[in-house]
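A structural walkthrough
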Amino acid sequence: MIELKHVSKRFTTADGTVEALTDVNLTIRDGEIYGIIGMSGAGKSTLVRCVNMLERPSDGSVEIDGRDIGALSEAELRNVRRSVTMIFQGFNLLMQRTCLKNVCFPLELAGMKRHEARARAMELLATVGLPDKANSYPAQLSGGQKQRVAIARALATDPKVLLCDEATSALDPKTTHSILELIRRINRETGITVIIITHQMSVIEETCDRVAILDNGVVVEEGEVGTVFANPRSDAARRLVFPDGAEAVLPGEDSGERRLRVVFNGAKATKTPLITQMAIDRNIAANILSASTRCIGDKVFGNMLLGIAGGDETVADAAAYLTSVADVVVEEVKNDV
């Protein structure tokens, strides 16, 4: 388990002191995929670098399995970093080394014999789907392939934690999806804890179990992904969940419509859209006031704001119908929200 307790981080610049993180408290459970999301400058990368002490907090502590890693010696900290590895947006591969030798590198540093390191590296390249690229150089690879090699290298020391700092930001949507699928599979098969830093809502929706929303160095919201995205409470969360100002398009109070917010967290896509199917099955007509949804594979992510004409019974029936679908969350939005 990883626990951040009252973590703050300040930097001194020519223009004065910058408070990058302020009193951050998070608990990340073993084996989960945990997302940290925020806009540029929110402090996300600083936060993830505090987890492995690449940045030392100005205040507070970071504990891994009950050990305050900020209190460790440099030798002890190096051992911790073998169990808390990291992948980056820019891949950070050694360009003069082949893929195989890139993956061997951390094993060589750990003192593993060359033939053992080579065998382990080949296993890892197979795990990420690139056994045929062992003798290729990074310059010969696509962005997605480079990130797969970076993941293989990060897994070389059998870590307990994988930190992903904007690891898919430089990739196209299809490649991003394949990398996220790979991370989920590795998490499922090995039980490794994954912390994903991103500014992309789709990455959190598709991958993470829980999420923390960071705004100007402060955690403004935290919890299960479905819960947080279904009912964002903070301004920062609303900006992320409704980037197009979805909540600005509302019926007037005299329209007679009630509003339901519908959040899709990986619901199975069907041939007939859910809102149309509800009209057919329950004779409930819904006015789609705003929508921001997308399909990733055969799953739907995003949200809709619906206007429902009728009284309490009709609204309750509509909510019950919609929530009967797996991975769909519904809440009524009051006029004063």
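Provided above is the structure to which this section pertains.
Residues numbered from 1 in each chain as written. Predicted model: local features only at pLDDT ≥ 70, side-chain atom pairs only at ≥ 80, totals over all residues. Heavy atoms only, no water.

1. Re the packing of helix α3 (residues 99–109) against helix α5 (residues 143–155)
Quick note on the threshold: Under this scheme, a helix contributes an axis fitted over its contacting stretch, all axes are lines through C-alpha atoms, and angles between N-to-C directions fall in the 0 to 180 degree range. Secondary structure elements follow DSSP: runs of H or I no shorter than four residues count as helices, runs of E no shorter than two count as strands, and numbering proceeds from the N terminus. Should an angle lie under 35 degrees it is considered roughly parallel, over 145 roughly antiparallel, and from 65 to 115 roughly perpendicular; all remaining angles are considered oblique. For any helix crossing, the convention is left-handed if the near helix is rotated counterclockwise from the far helix by under a right angle, and right-handed if that rotation is clockwise. The criterion used for residue contact is that any of the two residues' heavy atoms lie within 4.5 Å. When residues are sorted by character, Ala, Val, Leu, Ile, Met, Phe, Trp, Tyr, Cys and Pro go into the nonpolar class, Asp, Glu, Lys and Arg into the charged class, and all the rest, Gly among them, into the polar class.
One way to put it is that α3 packs onto α5 with a least axis distance of 7 Å and a crossing angle of 30°. Here α3 is positioned roughly parallel relative to α5, judged by the angle of their axes. Seen from above, α3 lies across α5 with right-handed handedness. Contact residues: Cys99, Asn102, Val103 and Pro106 in α3; Val149, Ala152 and Arg153 in α5. Tallied by class, residues from the contact of α3 with α5 come to five nonpolar, one polar and one charged.

2. Here we look at the sheet that holds strand β4 (residues 59–64)
For clarity, the threshold we go by: Paired strands, in this sense, are two strands between which DSSP finds at least two bridges.
Overall, antiparallel pairing links the four strands, which are arranged β2-β1-β4-β5 in an open sheet. Here the strands that pair on one side only, and so sit at the sheet edges, are β2 (16–28) and β5 (67–68). Across two bridges, the pairing between β4 and β5 is antiparallel. Following the sheet pairing, Glu63 is matched in β5 by Asp68. With respect to the sheet, helix α1 (residues 44–51) is in contact with β1 (2–13), β2 and β4, its orientation differing from that of β2 by roughly 60°.

3. Regarding unusual backbone geometry
Going by this rule: Throughout this description, buried means an accessible area under 20% of the type-specific maximum (1.4 Å probe, protein chains only), exposed means over 50%, and partly exposed covers the range between.
Not every positive phi belongs to a glycine, and Asp23 is a case in point at roughly 50°. Take Asp23: its relative accessible area is 42%, and that puts it in the partly exposed class. A positive phi angle is found at Asn283, which is not glycine, with a value near 55°. Among the secondary structure elements, Asn283 is positioned in the loop between α10 (274–282) and β12 (286–296).

4. Focus on the layout of surface pockets
To keep things clear, this is the line we draw: In this analysis the probe radius is 1.4 Å and the grid spacing 1 Å, with only protein atoms considered; a cavity is a set of points the probe fits into but cannot get out of, a pocket is an open set with protein on both sides within 12 Å along at least five of seven lines, and lining residues have an atom within 4 Å of a point. Grid points are joined across faces, edges and corners, and a volume is the space filled by probe spheres set on the points.
Empty space within the largest pocket amounts to approximately 610 Å³. Taken together, 21 residues line the largest pocket, and the ones lying closest to its centre are Arg81, Thr85, Met86, Pro106 and Leu109. Elements with a contribution of two residues or more to the lining of the largest pocket: α2 (74–83), β6 (84–88), α3 and α5. If one sorts the elements of the lining of the largest pocket by residue count, β6 sits on top with five residues. Grouping the amino acids of the lining of the largest pocket by side-chain chemistry returns 13 nonpolar, four polar and four charged. Considered as a void within the structure, the second largest pocket measures approximately 390 Å³ in volume. In terms of lining residues, the second largest pocket is bounded by 22 residues, among which Arg184, Glu205, Glu206, Thr207 and Asn265 are the most central.

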